Amino acid sequence: MLKSKIKKAMEILEKYKNWNGKYVSFSGGKDSLVVLDLAYRVWKDNFKVIYIEITGNTHPKCYKYVRKTVDEYGLELIHLKYDRDFFDILKELGYPSVLWAGSRWCLHRFKDEPIRQFSKNNTVNLTVSGIKQGDSNRRRTWIEKNVVNGRVINPRKKVYGKVQLYPIYNWEREDVWNYIKQNNLPLNPLYKEIDRAGNCIICPAMKEHEFLAVMHKCPEFFCKWKKAHEKLRRDFAEGKLRGMRVTFYQFDKWYKLYCKNETLLSFLVY
């Protein structure tokens, strides 16, 4: 099954082999690592890599890993980032939505805007992403409606180029891990520490065990989140909370469970 999926992914990429202005998005995560490797197998070095840092919310080990990996492939890395800190905006706008893309300011400001600015001065004809239907039921539904043979229907051309490809759109989580294992690809070391790539440390979609891993392994980020959340709690008490309340309630549940115990938090540096 995986062999046929690899073949299909490479066929999708092969159609655009001779295009100029090709970019692969590499966040440092496992899915984008697979896409990077597939693109290199088909296109060799005839493309560039875009890495977008979530300003203030990206672990330095993530960028170090991305830099090293891209260098090993012999490719050019484009490092982009928004000009404001994630946690400053979190204090102002509240939590972005997990389900509704229209209210995901983290995506629009920290991902879309840097690429939009880059596209103004550079030829971006095609971008490739590691998005796949196996990410979630919501993602599966969206892909079924908007992706045909790995190509996104009506992409945002001014941001992501004339063509936007998802070559592993039909892969499942196990396919990705098996591909990485079979090809001995270098995995981001943060997966062993916090079970995530670290490109976005505090994420509205994170799970409780990931939250706890950040609390214990990334105290500097945890402290920035804690201060931002306490500001939002004050806003909530005054009846002026912005952002998604459902996401706020989820994080507030964890705040009450783990942040009220000063002994538990005594290892953190404020």
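Residues numbered from 1 in each chain as written. Predicted model: local features only at pLDDT ≥ 70, side-chain atom pairs only at ≥ 80, totals over all residues. Heavy atoms only, no water.

Draft legend 1. Representation of the confidence of the model for the protein in the model. Per-residue pLDDT for the protein averages 91, and the proportion of residues at 70 or more is 93%. A low-confidence stretch, residues 266-270 (pLDDT under 50), is modelled with twelve contacts involving residues beyond four sequence positions or located in other chains. (pLDDT = per-residue confidence, 0-100. Contact = heavy atoms within 4.5 Å.)

Draft legend 2. The arrangement of helix 8 (residues 173-182) in detail. Looking at helix 8, one finds that the buried residues are Asp175, Val176, Tyr179 and Ile180. The buried residues of helix 8 all sit within an arc of 130° when viewed along its axis, so they share a single face. When the buried face of helix 8 is taken as reference, the exposed residues oriented beyond 90 degrees from it are Glu174, Lys181 and Gln182. Those residues of helix 8 that are buried are in contact with helix 1 (2-14) and helix 2 (30-43). Just past helix 8, the residue Asn184 takes up positive phi, approximately 50°. (Buried < 20%, exposed > 50% of the residue type's maximum accessible area, 1.4 Å probe, protein only. Helix = DSSP H or I, 4+ residues; strand = E, 2+ residues; numbered from the N terminus. Arc of directions from axis to C-beta.)

Draft legend 3. View of the packing of helix 10 (residues 208-217) against helix 12 (residues 245-258). Two numbers describe how helix 10 lies on helix 12: the axes approach to 12 Å, and their chain directions differ by 50°. Viewed along their axes, helix 10 and helix 12 adopt a mutual orientation that is oblique. You can see that helix 10 and helix 12 cross each other, and the crossing is right-handed. Here Glu208, Phe211, Leu212 and Met215 of helix 10 come into contact with helix 12, specifically with Phe251, Trp254, Leu257 and Tyr258. In terms of residue class, the contact of helix 10 with helix 12 is made up of seven nonpolar, no polar and one charged. (Axes fitted to C-alpha atoms, helices over the stretch in contact; angles between N-to-C directions. Parallel < 35°, antiparallel > 145°, perpendicular 65-115°, else oblique. Left-handed = near helix turned anticlockwise from the far one by under 90°. Nonpolar A, V, L, I, M, F, W, Y, C, P; charged D, E, K, R; others polar.)

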